Amino acid sequence: MSDHAVRTVELRRDFGTVRALDGLSLEVSKGTILTLLGPNGAGKTTLLRILMGLIEPTNGQAFVLGSSARSQPAGVAGRVAYVGDRCEPPDWATPALLEGVQAGASRSFDRALFRECCKRRGLSLKRPYGALSKGQRRWVLTSLALACRPELVLLDEPADGLDPAARKALYDALRGHVNECEATAIVTTHVIADIERIADDVAIMMAGRAVLHGPLEDLRDRVRQVEMSGGILPPELSDQVSVLGRARLGGASVVWIKNNGGLDDDGLRRLLGPDATVRNVGLETLYLAIAEHQPAALAESGKGLE
Amino acid sequence: MYLHLDHHSGEPIYRQIVEAIKYQVASGRLAQEDRLPSIRTLAEELKINPRTVVKAYEELQHAGLVVMRHGQGVFVSVNHGATPQSVRQKAIADMARRMLAEASRLGAPKAEVLRIIESEANKMEPEQ
């Protein structure tokens, strides 16, 4: 457990009759960035709020930096930073004021780093929060969080409202922090292109569960899109690959498979025959394949890539 | 060291690094005993996890293209059965295999492919 910054076990959370999390088990290794991907209402924000100790799970357990998230001791609270929609400062607060408040609250807060972050995006420290654009607010909050040098960073839609250059700057700053401090981050976003650039691990969430969870490099290594006329995989392949989804696109059968190892692309092509096309799949294609054509089997397989 | 990475191609990043460095060795841009950036430096430059760099360097070491000397760094070492020529030939063989597979899907016989390659080569500038 010690090399996991975050671990959840069968986490469940109900809001009235709505089940926001439905038995979610995740592990996040120290020194990695996990991105959560999924439609609105998939439970991403609920997970972050449970990890912060802002709400309690209905069932199951969540561990943050070795302690239960239910009873986060003060020591742990100071090592975790969270930026989300529902924790904004008042409109009249200037970045300079926020800097002072944060410096008083967190011993590890690096004032120079925070000022440098603001300067990098041309932000005046004297401009009140309410007068900033949406993107600038995100930038100030994320800078405040990173300047605390936290061991765990939880960012809920940090790129929302940012232009591409600002998004890249934000994620570069996050990567720098994670690499320098051996820190861990969990980030939610809808922008798949960003995920492909920053994620070490990806969890695709649907209806409160992780339908696919694993290192992004593993996905790139093992997931393939196969286009073939019949759509029936040869039986020799059945223990070598698992089927993640199927669709008929423009008259052809498309099958998304995960290679279980032991077979390289040439071997795969040999077994599939000359009529089949085997391609690498970007995350966007895979996400849409799962979102649109998700078979029941995938939900049952739970963790997917582990 | 400049390495171009395509994060959206679905190709693992560690393999893109391996291929890019192989190409630099094959083309002579990286020579015997040249020092590669440290794991930390390359991770910082490419904005990726250091573990991805480690994986790429380990793969290159396994392929006999670099040696990791403890405490000193990572160096190009092409005398473990992998010379720049052999790396180059393997890279070209990979391209040829991909092209032949595509051509066979188009129904082109081998002789036709070879004829086209030859005629395209003749159209290019003559080599000195």
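Source: prediction; values computed, not measured. (Residues numbered from 1 in each chain as written. Chains lettered and ligands numbered in written order. Predicted model: local features only at pLDDT ≥ 70, side-chain atom pairs only at ≥ 80, totals over all residues.)

Whenever I open this one, the overall build of chain B confuses me. Can you help?
Looking only at helices and strands, chain B has 5 helices and 3 strands in total. What you see in chain B, going N to C, is helices and strands ordered as α-β-α-α-β-β-α-α. For 128 residues, the compact-globule estimate of 2.2 N^0.38 gives 14 Å, and the C-alpha radius of gyration of chain B, at 18 Å, exceeds that figure by more than 25%. Summarising its shape, the C-alpha atoms of chain B cover approximately 55 × 35 × 25 Å along the three principal directions. Residue burial in chain B is summarised as follows: out of 128 residues, 24% are buried. For chain B, the proportion of contacts with a sequence separation of at least 24, taken over those separated by at least 6, is 52%. (Helix = DSSP H or I, 4+ residues; strand = E, 2+ residues; numbered from the N terminus. Rg over C-alpha atoms; globule rule 2.2 N^0.38 Å. Buried ≥ 20, exposed ≤ 12 C-beta atoms within 10 Å, placed from the backbone. Contact = placed C-beta atoms within 7 Å.)

Would you take a moment to explain the pairing of strand E12 (residues 241-249) of chain A for this structure?
Note on strand geometry: in a regular strand, side chains alternate between the two faces of the sheet. Residues and elements named next belong to chain A. Where E12 meets strand E13 (residues 252-259), 8 bridges bridge the pair, whose relative direction is antiparallel. Paired with Ala 247 across the strands is Val 254, a residue of E13. The turn joining E12 and E13, which pair antiparallel and follow one another in sequence, is formed by 2 residues; a positive phi near 55 degrees is taken by Gly 250. (Pairing = 2+ DSSP bridges.)

Sorry if this is basic, but what is going on with the interface of chain B and chain A here?
By a frequent convention, interface size equals the accessible area lost on bringing the separate parts together. Each partner contributes to the interface: chain B provides 16 residues, whereas chain A provides 15 residues. Looking at the side of chain B that touches chain A, the elements with two or more residues in it are helix H1 (13-26), helix H2 (39-46), helix H3 (50-62) and helix H4 (84-105) of chain B.

It is not clear to me how the confidence of the model for chain B should be interpreted in this structure. Could you clarify?
Low pLDDT marks regions whose predicted coordinates should not be analysed in detail. All names here are of chain B. In the predicted model, chain B carries a mean pLDDT of 88, and 95% of its residues have values of at least 70. The least confident element of chain B is H4, whose mean pLDDT is 85; the most confident is H3, at 95. Per the prediction output, this complex has pTM 0.86; the corresponding ipTM is 0.82. (pLDDT = per-residue confidence, 0-100.)

Would you mind going over the domain arrangement of chain A with me for this structure?
Residue and element names in this part refer to chain A. By the assigned domains, chain A splits into domain 1 (4-207) and domain 2 (217-301). Computed from C-alpha coordinates alone, the two centres of domain 1 and domain 2 are separated by 34 Å. Domain 1 puts 8 residues into the contact, and the matching count from domain 2 is 8 residues. Counting residues per element, the ones that place at least two in the side of domain 1 that touches domain 2 are helix H7 (192-198) and strand E9 (201-206). (Domains from an automatic or database assignment.)

Would you take a moment to explain the sheet that holds strand E1 (residues 4-15) of chain A for this structure?
The pairing of strands in a sheet happens through backbone hydrogen bonds and is either parallel or antiparallel. With antiparallel pairing, the 4 strands of this open sheet are ordered in space as E2-E1-E4-E5 (chain A). Every interior strand has two partners, whereas the edge strands, strand E2 (18-29) and strand E5 (67-68) of chain A, have only one.

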